[in-house]
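Residue strings, one per chain:
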Amino acid sequence: MTPKEISILANKFLTGRASEEEITLLMKWYDSFDEQDTVIHTSSNEEAQIIKDRIKNKIFDRVIPDWSERSKPERSLVFKLSRAPWLKIAAVLVVVMIAGWLLGSRKEKPQLAVTEIAVPRKQLKKITLPDSSMVWINAESKLTYAADFNQKERIVQLEGEAYFDVKHDEGKPFIVKTTYSTTRVLGTAFNIKAYQQDSSVTVTVIRGKVQVEDAFAHTSIITPNQQVYINPNTKKIIGKTVDAQVYHSWIKDILDFNGENFYEVARILERKYNITILFRNQATANCTFIAGFDESEDVFKIIEKLCRINGSKFTTSSDKKYVMIDGTGCE
């Protein structure tokens, strides 16, 4: 019999609706029950044994009231129990009820439907969320939110970079989660950069007020033209004043670099133009820039101008997919 059929018979017996034939069928099932069988399927043999022991103990608690005061039963006691028809039925019912309870308690909560927007290299995407908030998602980034978004809270998960223009709703905070941070707002405009390969998070406020908490319970409140940088390696959250317009200019197809080093700039160019940039030495990678370019400009022209600033040079592979930067450092 299936577990569902056993449960139906047990319920009918409890309510006095079981026929003699059904009681006999229930007893036959119990006679065929091997206590070594796994009543409940689990991922661990050890866990399954613990559950079976709990079921057996509860059977004896129900059938023999002073069982808890006794030592573990001998095998003969189990045989005696199986020969007593009414005790046998009681044991069956306890097994069914406890197994059902354990199975029910171990069921995973139903997973909510999830919307995921993934943006590949060389692209950016503008979307409107169910609450009418607008989000620009940068290249090689992913935004995820559940079907219950905007019911009690407005929660999104970000991997990569996005600019948020959040519709004000005092009763429903807007929350952006990344690997290392949680950003909470009511209604504002801000930019978050949280690429996995960067192993850091940068939050910049354009309008309104934002609360940022890192993975180490440090919290900062930032307002327009303020920025926090979270470094999980040092476990620090650092704040500073910036020109916030620079940090979301990418939504207008403009590349603005304001103090980023060559390595960070290279990562941005890789995502925008789907190339790979390598450095022959660390000194060149550490050189910083203040520069701006239109994204429609040829990427190799951009790299050439950047190399000219610090006296370095570059070569490309025959298929133009790889770039090697070489130089002695910053001039």
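Residues numbered from 1 in each chain as written. Predicted model: local features only at pLDDT ≥ 70, side-chain atom pairs only at ≥ 80, totals over all residues. Heavy atoms only, no water.

(A) Geometry of the side chain of Thr 183. As for its position among the elements, Thr 183 is in strand 7 (residues 181-185). Given the relative accessible area of 0%, Thr 183 is considered buried. With near-sequence residues (within four places) excluded, Thr 183 lies in contact with Phe 174, Ile 175, Val 176, Phe 190, Ile 192, Val 203, Val 210, Gln 211 and Val 212. (Helix = DSSP H or I, 4+ residues; strand = E, 2+ residues; numbered from the N terminus. Buried < 20%, exposed > 50% of the residue type's maximum accessible area, 1.4 Å probe, protein only. Contact = heavy atoms within 4.5 Å.)

(B) Local environment of the environment of Asn 258. For Asn 258, the position within the fold is in strand 14 (residues 254-261). According to the relative accessible area criterion, Asn 258 is partly exposed, its value standing at 31%. Sequence separation between Asn 258 and Tyr 247 is 11 residues, and the spatial gap between their C-alpha atoms is 8.6 Å.

(C) Highlighting the nonpolar core. Core analysis: the biggest nonpolar cluster contains 29 residues, and Phe 164 and Phe 190 have the highest contact counts within it. It is strand 5 (residues 154-165) that provides the largest number of residues to this core, a total of 4 residues. Not counting the four nearest positions on each side in its chain, Phe 164 is found in contact with Met 134, Val 135, Leu 143, Val 156, Leu 158, Phe 174, Val 176, Thr 188, Ala 189, Phe 190 and Ile 192. With 23 residues, the next largest nonpolar core counts Val 265, Ile 302, Cys 307 and Val 323 among its residues. (Core = buried A, V, L, I, M, F, W, Y, C linked by side-chain atoms within 4.5 Å.)

(D) Quick peek at the pattern of salt bridges. Per the counting criterion, the structure on display carries 12 salt bridges. In this structure, Lys 142 and Glu 116 form a salt bridge, with 3.8 Å as the shortest nitrogen-oxygen distance. Of this pair, Lys 142 sits in strand 4 (residues 141-146) while Glu 116 sits in strand 1 (residues 114-119); the two residues are 26 residues apart in sequence, bridging distant segments of the chain. The closest approach of N and O atoms between Arg 271 and Asp 198, which form a salt bridge, is 3.5 Å. Of this pair, Arg 271 sits in helix 6 (residues 262-273) while Asp 198 sits in the loop between strand 8 (189-194) and strand 9 (201-207), placing them 73 residues apart in sequence. Arg 271 sits in the buried class, given a relative accessible area of 3%. (Salt bridge = Lys/Arg side-chain N within 4 Å of Asp/Glu carboxyl O.)

(E) Region of the structure containing the packing of aromatic side chains. In this structure the tally under the stated criterion is 8 aromatic pairs. Ring centres 5.1 Å apart and planes at 15 degrees place the aromatic pair Phe 164 and Phe 190 in the stacked group. Of the two residues, Phe 164 is situated in strand 5 and Phe 190 in strand 8; the sequence distance between them amounts to 26 residues. Considered together, Phe 164 and Phe 190 belong to a single accessibility category, that of buried residues. The structure contains a cluster of three or more aromatic residues connected by ring pairs, namely Tyr 145, Phe 149, Phe 164, Phe 174 and Phe 190. Sitting over the ring of Tyr 263, Arg 267 keeps its end group 4.2 Å from the ring centre. Above the face of the Tyr 195 ring, Arg 271 is positioned so that its terminal group lies 3.3 Å from the ring centre. (Phe/Tyr/Trp six-rings, centres within 6.5 Å; stacked < 30°, edge-to-face > 60°. Lys NZ or Arg CZ within 6 Å of the ring centre and 35° of its normal.)

(F) Quick look at helix 8 (residues 299-310). In a regular helix each residue adds 1.5 Å, so 12 residues correspond to 16 Å; helix 8 covers 17 Å between its end C-alpha atoms and thus fits that length. For helix 8, the set of buried residues is Val 299, Phe 300, Ile 302, Ile 303, Leu 306, Cys 307 and Asn 310. The arc that holds every buried residue of helix 8, seen down its axis, measures 155 degrees, which confines them to one face. Elements that come into contact with the buried residues of helix 8 comprise strand 14, helix 6, strand 15 (276-279), strand 16 (288-294), strand 17 (313-316) and strand 18 (322-326). Sitting at the head of helix 8, Asp 298 places a side-chain oxygen 3.0 Å from the backbone nitrogen of Phe 300. (Expected span 1.5 Å × (residues − 1). Arc of directions from axis to C-beta. Polar contact = N/O pair within 3.5 Å; in protein donor to acceptor, adjacent residues only side chain to side chain.)

(G) Structural context of the confidence of the model for the protein chain. Per-residue confidence for the protein chain gives a mean pLDDT of 79, with 69% of residues at or over 70. Taking the mean pLDDT of every element in the protein chain, the minimum, 40, falls on helix 4 (residues 75-83) and the maximum, 98, on strand 3 (residues 134-137). Contacts from residues 33-84, a stretch scored under 50 in pLDDT, to residues over four places away or in other chains number 60 contacts. (pLDDT = per-residue confidence, 0-100.)

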